[in-house]
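Spelled out, the chains give:
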Amino acid sequence: MGRFNILAVCLGLLGCIGGASAQLPPPFESIEIAKDIHSAGNPGGRSLWIEMPESVVVFDPMNVRAAKALRADIAKNTDKPVSHVVYSHEHYDHIRGGQIFADEGAIFIAQERCLDTFDYVPDPDVVAPTVTYVETYTLDLGGPQIELLYFGRNHGDCMTITHFPEERLLFVVDLLTEKSLPFGSLPDYYPGDTVRTLKAIQELDFDRIARGHSSPIVDRAVLDETVAYWSDLMTSVKARLDAGESPFSFMEKHDLPHYRTWRNYDRWFKLHVERVVWHYTIGW
Ligand SMILES: [Zn+2]
């Protein structure tokens, strides 16, 4: 892993622990991915900001430092205020640092189940949502129409899938990986609900997907590949359990050769097998 990638993981997923915290972040980049819709950040973490006729909508402020860079990026393009901040999900590596937008009067929106996490592990850098929704929420401010969709738990308990219907664009955070295994030991992933959700996303009307990490935008093939990985992982583990094999006899050596070339296969595949074993054996 090169220096850039180490920094990306540090900044985006783990929030800078230990010695890496003194290093500079990777460069901030801002790309207009559709008319008035901007992806801003770096591979370690990406926000969206959308310019509306009267104001700006932000998705995922990331952290205090990134939110400052994001605010400056918006100001370079428009002097409109940020009126709304939407949280993609409850994980703090995406939603710290919103105070800079609260100070200018922004409304904060999240799916209502995020509140459970905010109560469970309070974080001083997370601004509590002022508006919550249950199944769907439409934000129509005269510019790109924004539809927030909730498909139940999957990665976390309160993941919002965002649909920009006119642009045929989605914003999907953390659920998609491009020729790379999903993160680590699958923290806060519910495997069955993840597959169910990914298949529901496949049914939406879209061409491209903006993301919260790695490359800013991908096409539908990345979603299809992610579904295939999860399905193959779960089907293959279930087959061994159904055949009466003890998980402790196969967890270490189970293999899916098709995915050996994906990044982090050597590091994380065993952990994924173990997570799926617990899914089927204890119903988690
Ligand atoms: Zn997450």
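Everything below is about the structure shown above.
Residues numbered from 1 in each chain as written. Predicted model: local features only at pLDDT ≥ 70, side-chain atom pairs only at ≥ 80, totals over all residues. Heavy atoms only, no water.

Draft legend 1. Helix H7 (residues 220-242), seen in detail. Here H7 contains 23 residues, and its C-alpha end-to-end distance of 33 Å stays within 8% of the 33 Å for a straight helix at 1.5 Å per residue. Looking at H7, one finds that the buried residues are Val222, Leu223, Thr226, Val227, Tyr229, Trp230, Ser231, Leu233, Met234, Ser236, Val237 and Leu241. Packed against the buried residues of H7 are helix H6 (191-202), strand S12 (208-211), strand S13 (217-219), helix H8 (247-250) and helix H9 (265-282). Of the residues trailing H7, Gly244 is marked for its positive phi of about 90°. (Helix = DSSP H or I, 4+ residues; strand = E, 2+ residues; numbered from the N terminus. Expected span 1.5 Å × (residues − 1). Buried < 20%, exposed > 50% of the residue type's maximum accessible area, 1.4 Å probe, protein only. Contact = heavy atoms within 4.5 Å.)

Draft legend 2. Broad picture of the sheet that holds strand S10 (residues 160-164). Across the sheet, 6 strands lie side by side as S8-S9-S10-S11-S12-S13; this open sheet has mixed pairing. Each edge of the open sheet carries a strand with a single partner, namely strand S8 (136-139) and S13. Along the sheet, successive strands turn relative to each other by an average axial angle of 25°, direction set aside. Pairing between strand S9 (residues 146-150) and S10: 4 bridges, direction antiparallel. Following the sheet pairing, Tyr150 is matched in S10 by Thr160. Together, S12 and S13 form the strand contacts of H7, whose direction differs from that of S13 by roughly 75°. (Pairing = 2+ DSSP bridges. Axes fitted to C-alpha atoms, helices over the stretch in contact; angles between N-to-C directions.)

Draft legend 3. Representation of the coordination of the zinc ion in the model. Around the zinc ion, the protein contributes the donor atoms His89 (NE2), His91 (ND1), His155 (NE2) and Asp174 (OD), which lie 2.1 to 2.2 Å from the metal centre. Its 4 donor atoms give the zinc ion angles of 89 to 179° at the centre, a pattern that matches the irregular case. (Donors = N, O, S within 2.8 Å, 3.2 Å for Na, K, Ca; no water. Tetrahedral: all angles 85-135°; square planar, octahedral: opposite > 155°, others 65-115°.)

Draft legend 4. Main features of the sheet that holds strand S2 (residues 37-42). Reading across from one edge, S1-S2-S3-S4-S5-S6-S7 is the order of the 7 strands in this open sheet, with mixed pairing throughout. Unpaired on one side and paired on the other, strand S1 (29-34) and strand S7 (131-133) mark the two borders of the sheet. For this sheet, the mean angle separating the axes of adjacent strands, direction not counted, is 25°. Sitting on the sheet, helix H2 (residues 64-77) is in contact with S1, S2, strand S3 (45-51), strand S4 (56-59) and strand S5 (82-86), with an inclination near 30° to S3.

Draft legend 5. Just unusual backbone geometry, in detail. Here Asp36, not a glycine, exhibits a phi torsion of approximately 70°, which is positive. Looking at the secondary structure, you find Asp36 in the loop between S1 and S2. A positive phi angle, near 70°, is found at Asp174, a position not held by glycine. With respect to the secondary-structure elements, Asp174 resides in the loop between strand S11 (169-172) and H6. Using a relative accessible area of 15% as the deciding quantity, one classes Asp174 as buried.

Draft legend 6. Geometry of the state of the cysteines. Per the counting criterion, the structure on display carries 1 disulfide. Residue Cys114 pairs covalently with Cys158 via a disulfide, S to S 2.0 Å. On the S-S bond that ties Cys114 to Cys158, the torsion sits near 95°, and the link is right-handed. Of this pair, Cys114 sits in helix H5 (residues 114-120) while Cys158 is found in the loop between S9 and S10, placing the two residues 44 residues apart along the sequence. By relative accessible area, Cys114 is classed as buried at 0%. (Disulfide = S-S within 2.5 Å.)

Draft legend 7. Structural view of the nonpolar core. Within the largest apolar cluster, 37 residues are counted, with the highest numbers of intra-cluster contacts made by Trp230 and Leu233. Listing elements by their share of this core, those giving two or more residues are S11, H6, H7 and H9. Once you skip the residues sitting within four places of it in the chain, Trp230 turns out to touch Pro182, Leu186, Tyr189, Pro191, Thr194, Val195 and Leu198. Leu70, Ala106, Val126 and Cys158 belong to the second largest nonpolar core, which has 21 residues in total. (Core = buried A, V, L, I, M, F, W, Y, C linked by side-chain atoms within 4.5 Å.)

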